[in-house]
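Results of the structural survey
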Protein chains: 2
Amino acid sequence: MATPTEIVDIALGDRSYQILIGSGLLDRAGSYEDLGTSAGHALVVTNAVVGPLYGQRLHSVLRTRFGTIRIVEIPDGEAHKNGVTLNRIFDEMLASGCDRKTTLFALGGGVVGDLTGFAAACYMRGVRYVQVPTTLLAQVDSSVGGKTAINHPLGKNMIGAFHQPRRVIADLDTLDTLPQRELVAGLAEVIKYGPIADSAFFEWTEANIGLLLERDKSALAYAVTRSCRIKASVVIADERESGQRAILNFGHTFGHAIEAGLGYGSWLHGEAVGCGMVLAAELSARLGLIDDAYAARVKRLVERAGLPVQAPPELSTERFVSLMRLDKKSDGGSLRFVLLEEGGKAGLRPVPLGIVSEVVEAHRQRS
Amino acid sequence: MATPTEIVDIALGDRSYQILIGSGLLDRAGSYEDLGTSAGHALVVTNAVVGPLYGQRLHSVLRTRFGTIRIVEIPDGEAHKNGVTLNRIFDEMLASGCDRKTTLFALGGGVVGDLTGFAAACYMRGVRYVQVPTTLLAQVDSSVGGKTAINHPLGKNMIGAFHQPRRVIADLDTLDTLPQRELVAGLAEVIKYGPIADSAFFEWTEANIGLLLERDKSALAYAVTRSCRIKASVVIADERESGQRAILNFGHTFGHAIEAGLGYGSWLHGEAVGCGMVLAAELSARLGLIDDAYAARVKRLVERAGLPVQAPPELSTERFVSLMRLDKKSDGGSLRFVLLEEGGKAGLRPVPLGIVSEVVEAHRQRS
């Protein structure tokens, strides 16, 4: 079923851009209007899974707008979101003579988007890039808002930049080829927006989780658009995360610890965030900010989506907590969390480590 | 002789800062006012030459302002301005638990400043840093204006960011320990400012080059302050080098090719720029923009400073030109140079490659 194209505006002054959401956008010349010049280089960064599916199609449509187009394939997976892969992109750009007028295209999921965006932020101190997200997670979250980064062995997203894309082209048809496990992982970020910012959307997600899991195109279009609108309003208010933008990290401090502790790529990012939201909701309830019933609703929705609701048995509670203290949301030694302050509202609060440990311990699978 | 402290303001909205220039600033608590908090981390990045001279003194004065202070020593020299050294800084920061409230201090010359600034730009997507330049080159040029970068085997400063420091503390007394070769290299950037922006300063430099070479403190104070004021006005007008800021690269396209062609560190940056200015002035004269006498004045001043005025014999003209085409000032394939448009005024212009080759060939030492 064809869906009309939705446009979400990210109003950030001279860094403003649009998110296009709809069917058939990848191959439509209009999606790329005003992006290129005949003298410009385009470099498409993609991975070994997405490249064979969509690389040539993107190459074809870019051919009418750019002087030269090259495709770089990087290895698939979070384990490769590191300096080694970043340098491969730089090597390719320099070897092919990319100058300051080069535009990078990130064709893939969150890993491709984060790496490509960071490469664009640093190459010759900044070139343009366009996000062409092909996973649900990237379409609803990581491709929007200009956060770019690579991982470090001691922590996720530790090295990065704020660098806004020139456009986000979210073609819903590319979700057709997404493995179910990745679709489910993307739903974690969709589920996130309701509890932190939009009670009505939380209820909509509860009512439509079945359709989303069945990839109903209208349901997906609605979920992506609504998620992007919520994210846009948060990013516009606090582009560089000096305050309120941090609410988008709901569940992420727990989630990052799981990813780092198991080794990147063992659990998918969305799976770790799913579990992390359950723990963060429970923490909010223990601190009396929300009632137990609301925390139970979050847990039930995460579970219905097919996401884990318990921490992995391989991580001891002690190690879990120490990993979180390293996480970037730590602040001068204190440990702060994004907590639900009521249904549809979240904020950053410091939490005593003892309570954090209790919540982790209570949600740890026994091995 | 004590000189009064001069202050140069860099007015860039919420990224504004001050350059302090004078004697005894390194040890003066007032130089660091408003920079730290007792909960904050300070990390001093320095090199194996400057660290033993000034590291402990900086550590002592920072102790009153920061909760924890660590010193990281990196290897000396342009050859180490790369990703390997950058990662050493990141490793140290993560291992010691540096958070977003960390302030980096760059204690050293241009290499330390560029590396530290880029580390600050990327660590957790941006932390604060302070420049404490101890070379003439860093005091008059590289520590001011927020350009940070590392080199890539295929080109100098190819990977970097615009990230303004919170303060520049230029203690003239640190120049006492500077080897004469490095003092001379720094003079190249001092000499640069007159021809591109300030005829009176060009004449002052011609009249005072002898005093500068003898390290007369008053002459150095004047040269550093005037250079910083000129650089400040250019940076304020064009922070991210979308246009006019490029004039600060006078001589640099030639210079970068020399550095890259010989291997970073063979010629000092200032030496390469000195020679580069002679070639760029000659190019300006051949194109009829300035008269031969003005180009000869530039050459004579560079020569009197003790800087090279001929390109190294190891680089063939062909290789020299191809290295410049890779340089970041290349633009969609055409080769643009900063040229003198009259005495005290410069601009970016495209130049036919044939004329460029002629000028290189005419100024190449015979081996």
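For the structure itself, look to the data block above.
Now for a quick tour of the structure. (Residues numbered from 1 in each chain as written. Chains lettered and ligands numbered in written order. Predicted model: local features only at pLDDT ≥ 70, side-chain atom pairs only at ≥ 80, totals over all residues. Heavy atoms only, no water.)

**Here's the deal with the overall build of chain A**
Scanning chain A for helices and strands turns up twelve helices and twelve strands. A compact globule built from 367 residues should have a C-alpha radius of gyration of about 21 Å, and chain A, at 20 Å, falls within 12% of that. In terms of overall dimensions, chain A has a C-alpha envelope of 60 × 40 × 40 Å along the principal axes. For chain A, buried positions account for 62% of its 367 residues. Sequence-distant contacts, at least 24 apart, represent 76% of the contacts inside chain A between residues at least 6 apart. Distance between charge centres in chain A, computed from 39 positive and 41 negative side chains, equals 4 Å. (Helix = DSSP H or I, 4+ residues; strand = E, 2+ residues; numbered from the N terminus. Rg over C-alpha atoms; globule rule 2.2 N^0.38 Å. Buried < 20%, exposed > 50% of the residue type's maximum accessible area, 1.4 Å probe, protein only. Contact = heavy atoms within 4.5 Å. Lys, Arg positive; Asp, Glu negative; His and termini not counted. Charge placed at Lys NZ, Arg CZ, Asp CG, Glu CD.)

**Focus: the packing of aromatic side chains**
Throughout the structure, instances matching the rule amount to 18 aromatic pairs over all chains. Measuring from ring centre to ring centre gives 6.4 Å for F201(A) and Y222(A), while their planes differ by 55°; the resulting arrangement is tilted. Here F201(A) is found in helix α6 (residues 199-213), whereas its partner Y222(A) is found in helix α7 (residues 217-237), with 21 residues between them in sequence. Taking the centre distance of 4.6 Å and the plane angle of 40° together, the rings of W204(A) and Y222(A) count as tilted. Of this pair, W204(A) sits in helix α6 while Y222(A) is found in helix α7, placing the two residues 18 residues apart along the sequence. Among the aromatic residues, ring-to-ring pairing joins Y32(A), F66(A) and F105(A) into one connected group. A cation over an aromatic ring shows up here: R125(A) above the ring of F162(B), its NZ or CZ 5.9 Å from the ring centre. (Phe/Tyr/Trp six-rings, centres within 6.5 Å; stacked < 30°, edge-to-face > 60°. Lys NZ or Arg CZ within 6 Å of the ring centre and 35° of its normal.)

**Re the pattern of salt bridges**
Residues and elements named next belong to chain A. For the coordinates displayed, the defined rule picks out 48 salt bridges over all chains. In this structure, the salt-bridge partner of R181 is E271, at a minimum N-O distance of 2.7 Å. Of this pair, R181 sits in helix α5 (residues 180-197) while E271 is found in helix α9 (residues 269-286), placing the two residues 90 residues apart along the sequence. Salt-bridge contacts for E361 lead to R364; the nearest nitrogen and oxygen are separated by 3.8 Å. Residue R364 is classed as buried on the basis of its relative accessible area, which comes to 16%. (Salt bridge = Lys/Arg side-chain N within 4 Å of Asp/Glu carboxyl O.)

**Concerning unusual backbone geometry**
All names here are of chain B. Positioned with a positive phi, N157 is a non-glycine residue whose angle comes to about 55°. As for its placement among the helices and strands, N157 is situated in strand β8 (residues 155-162). The residue R215 is not glycine, and still its phi comes out positive at about 65°. Take R215: it is sitting in the loop between α6 (199-213) and α7 (217-237).

**Concerning α6(A)**
Residue and element names in this part refer to chain A. Under the 1.5 Å per step criterion, the end-to-end length of α6 is 21 Å for 15 residues, consistent within 8% with the ideal 21 Å. For α6, the full list of buried residues reads F201, F202, W204, T205, E206, N208, I209 and L212. Contacts from the buried residues of α6 go to α5, α7 and α10 (292-304). Where α6 terminates, the next one or two residues include R215, which has phi positive at roughly 60°. (Expected span 1.5 Å × (residues − 1).)

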